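Chain and residue survey
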Amino acid sequence: MTDLAAAPRSESSLTALLRHSRYVLSENPVTGLAFVLFVLIVLAAVLGPHIVPFDPLASDTSEALKPPNLEHWFGTDQLGRDVFSRVVVATRLDFFIAVASVSLVFLMGGLAGVAAGFFGGWTDRIVGRIADTIMAFPLFVLAMGIVAALGNTVQNIVLATAIVNFPLYARIARAEANIRREAGFVEAARLSGNSDWRILAFQILPNVFPIMVVQMSLTMGYAILNAAGLSFIGLGVRPPTPEWGIMVAEGAQFIVSGEWWNAFFPGAALMVAVFCFNLLGDGLRDLVDPRRRT
Amino acid sequence: MLTMILKRLAMAIPSLIGVVIVTFLLTRALPGDPAVYFAGPAATPQAIQQVRVNLGLDKPLIEQFGRYVVDLAHGNLGTSLTTGQPVATELRNRLPASAELTLLGLIVSIVIAVPLGILAATKPNSLIDQACRVISTAGVSLPVFFTGLILVYVFYYLLGWAPAPLGRLDVFSTEPPHVTGFYLIDSLIAGDPATFMASLKQLILPALTLGIFSLAPITRMTRASMLAVLSSDFVRTARASGLSAYTVIVTYAFRNAMLPVITTLGMVFSFLLGANVLVEKVFAWPGIGSYAVEALLASDFAPVQGFVLTMAVMYVMLNLLIDVLYGLIDPRVRLEA
């Protein structure tokens, strides 16, 4: 009986979601384009090394600095490596850095913020103070300092990107938890004898979750830009590893002599990825919270 | 007004204390033994011990922090391992180059973004509004170092309009006598139009790069804030009283719409000071950003620490300045305080 009662309801809410998605997509067709791009980026990240025409690390000095042609679509770099293969293979590392740092800050900032908003008092003051201190720095500069201090590795780039995004996540999670602290369903749960931690885990967190997921997709673009900026100035990723930021840095010296393709294609890939994540974040926000539409 | 400024100053103090603690902890988080690190790669155990005592690393953490604060109070930021110069002196010498670039970038950005945002708000869904939307979405997706390189390729290599992206002056010009450290201002004071033009030519591309970078947030904010003000009651009253569109927009709406934009400048500065480092690297600009990057790559930590601290202190001060400015422009803020 319960199965019968539950089944149509879950189906109707699914159809409602689908209809709403279709509405959001038709209102804003760019989101659809962003979704297609996103699928392409994920495919490149997963399949990248298996589908590229050349070995991204194989150099061939006789083919060095060739402009884009039919064989090498994006040309070759100063060591004769195929730029197209390198750009595609780099997707995995850039995507990994972004996803890893955003997931990390989602955990740190989300939990700290929810606890601050729910418990208030000292927890709130400590989390607020930490967030304020981080916000007192220009974010990219702080990220540089953290990577310099902790050591020049990819893991520390992930950590630094997560730390500079902490205030954003903590504040949103705090605000969302705070407005639900006195909500009817929380009071009801409390009256039925649930402990604070149980209410936090089963009443507050599930409600804050969707908003935080939107925040994740909105900051993905920034995370990629931040990481690429760090590797552009020579932190984290080391040559010859293909990564967009470092490829632009290596190609930069050839810009003044006219070999534009070395820096252009990785830079363009970076731009497209960030653009895609920003659009997708906006679309997802419209889907989850129609009130915040701009 | 004075009480407001004092209150705001008091609010900046915890931020500054936090900044000092974080920059101190950053050095102590260095991998391995800081004494071995600061003694250099070829140091003997005695030399390392000497460095440890000199730096006070054998003392408890809290005492080390006390020493650090005392050093800071004396304007001592340590010594660079690679150049052997005091960090504070080098930062002071290079700061005007960065400041000149960042300020000009911000001016370029405001001059383009504010009129664009106002036009977009006064004519919703027009061509200019669409252009505004594209700029604010595309602008945040552009990696600042990528924009810089494209500008160099187009304006230096293809068109030949801009000079080579190598620093503040070309090889034929000499530095103007030092007054403010801003070459544009110093050359004007010295009455030297040739140097003024030369330094302006070098500045245009990097400033434009920074300008394009901060265009998106300022345009977006101006448009949103202008839209909100235009739909408010006092604008409707002004319109109903038969005032011209120009008077309504410029005298009534614009002044009110600028207030949230000024607040956004705080956030814009956070991004701008970070982007400055990348732009300085692209254009070989001899500012504090490229100084920090060179030190970073040589694992020379004192300059990096000094740089992070300087940037953070400047950022706190800029936010303070913005808030005071806000109070000067908007009397309501003063009354509340």
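So, about unusual backbone geometry. Excluding glycine, most residues fall at negative phi; most peptide bonds, likewise, are trans. A cis amide bond links P239(A) with the next residue in sequence, P240(A), at an omega value of 10 degrees. Inspection of the secondary structure assignment puts P240(A) in the loop between α8 (196–232) and α9 (244–255). A positive phi is found at A284(B), a non-glycine position, where the angle reads about 45 degrees. In this structure, A284(B) sits in the loop between α11 (245–282) and α12 (288–297).

What follows deals with the nonpolar core. Counting 163 residues, the largest nonpolar core has A143(A), M144(A), I224(A), V248(A) and A292(B) as its most contacted members. Setting aside residues no more than four positions away along its own chain, M144(A) makes contact with L230(A), V277(B), A292(B) and L296(B).

The next thing to look at is the packing of helix α5 (residues 139–150) of chain A against helix α13 (residues 301–329) of chain B. When two helices pack together, their arrangement is given by the angle between their axes and by how far apart the axes lie. Running from amino to carboxyl end, α5(A) crosses α13(B) at an angle of 155 degrees, the nearest separation of the two axes being 10 Å. In terms of their interaxial angle, α5(A) and α13(B) are classed as roughly antiparallel. Our pair here, α5(A) against α13(B), has a crossing hand that is left-handed. Contact residues: α5(A) offers V141(A), L142(A), G145(A) and A148(A), while α13(B) offers F301(B), V304(B), V308(B) and M311(B). Of the residues in the contact of α5(A) with α13(B), the class split is seven nonpolar, one polar and no charged.

Let us look at helix α4 (residues 121–135) of chain A. Residues and elements named next belong to chain A. In a regular helix each residue adds 1.5 Å, so 15 residues correspond to 21 Å; α4 covers 21 Å between its end C-alpha atoms and thus fits that length. Taken as a whole, α4 has its buried residues at V127, A131 and M135. All buried residues of α4 lie within an arc of 80 degrees about the axis, which places them on one face of the element. In α4, the exposed positions that point more than 90 degrees away from the buried face belong to G121, W122 and R125. The inward-facing, buried residues of α4 abut α3 (83–119) and α6 (154–180).

The next point concerns helix α7 (residues 184–191) of chain A. Judged by how many residues are buried, α7(A) sits mostly at the surface: zero of eight residues are covered. Trailing α7(A) by a residue or two, G193(A) shows a phi angle of about 90 degrees, which is positive.

Looking now at the environment of V70(B). Within the element layout of this structure, V70(B) appears in helix α4 (residues 61–73). Placed 146 residues apart in sequence, V70(B) and A216(B) show a C-alpha to C-alpha distance of 42 Å.

Moving on to the confidence of the model for chain B. With 96% of its residues at a pLDDT of 70 or more, chain B has an overall mean of 84. Under the prediction, the complex receives an ipTM of 0.86, its pTM being 0.85.

Conventions and cut-offs
Along each chain, the written sequence defines residue order, and numbers are assigned to residues from 1. As a convention, the first chain written is A and the first ligand written is 1, with the rest following in written order. Given that this is a predicted model, residues contribute local features only at a pLDDT of at least 70 and side-chain atom pairs are listed and counted only at 80 or more, while totals for whole chains, interfaces and linings are drawn from all residues. The way it works is that DSSP assigns letters per residue, a run of H or I at least four long becomes a helix, a run of E at least two long becomes a strand, and they are numbered from the N terminus. Working definition: the nonpolar core is a set of buried Ala, Val, Leu, Ile, Met, Phe, Trp, Tyr and Cys residues, joined through C-beta atoms within 7 Å. Partly exposed residues are those whose C-beta has more than 12 but fewer than 20 other C-beta atoms within 10 Å; 20 or more makes a residue buried and 12 or fewer makes it exposed, with C-beta atoms placed from the backbone. We call two residues in contact if the C-beta atoms placed from their backbones are at most 7 Å apart. Lines fitted to C-alpha atoms define the axes here, with helix axes fitted over just the stretch in contact, and angles between the N-to-C directions of these axes take values from 0 to 180 degrees. With respect to orientation, any angle under 35 degrees is reported as roughly parallel, any angle over 145 as roughly antiparallel, any angle of 65 to 115 as roughly perpendicular, and every other angle as oblique. Working rule for handedness: look at the near helix, and if it is turned counterclockwise from the far one by less than a right angle, call the crossing left-handed; if clockwise, right-handed. For this scheme, ten residues count as nonpolar: Ala, Val, Leu, Ile, Met, Phe, Trp, Tyr, Cys and Pro. Four count as charged, namely Asp, Glu, Lys and Arg, and the remainder, Gly too, count as polar. Helix span is expected to be 1.5 Å times the residue number reduced by one. Arc definition: directions from the helix axis to the C-beta atoms. One number per residue, pLDDT, summarises how confident the predictor is, and it ranges from 0 to 100.

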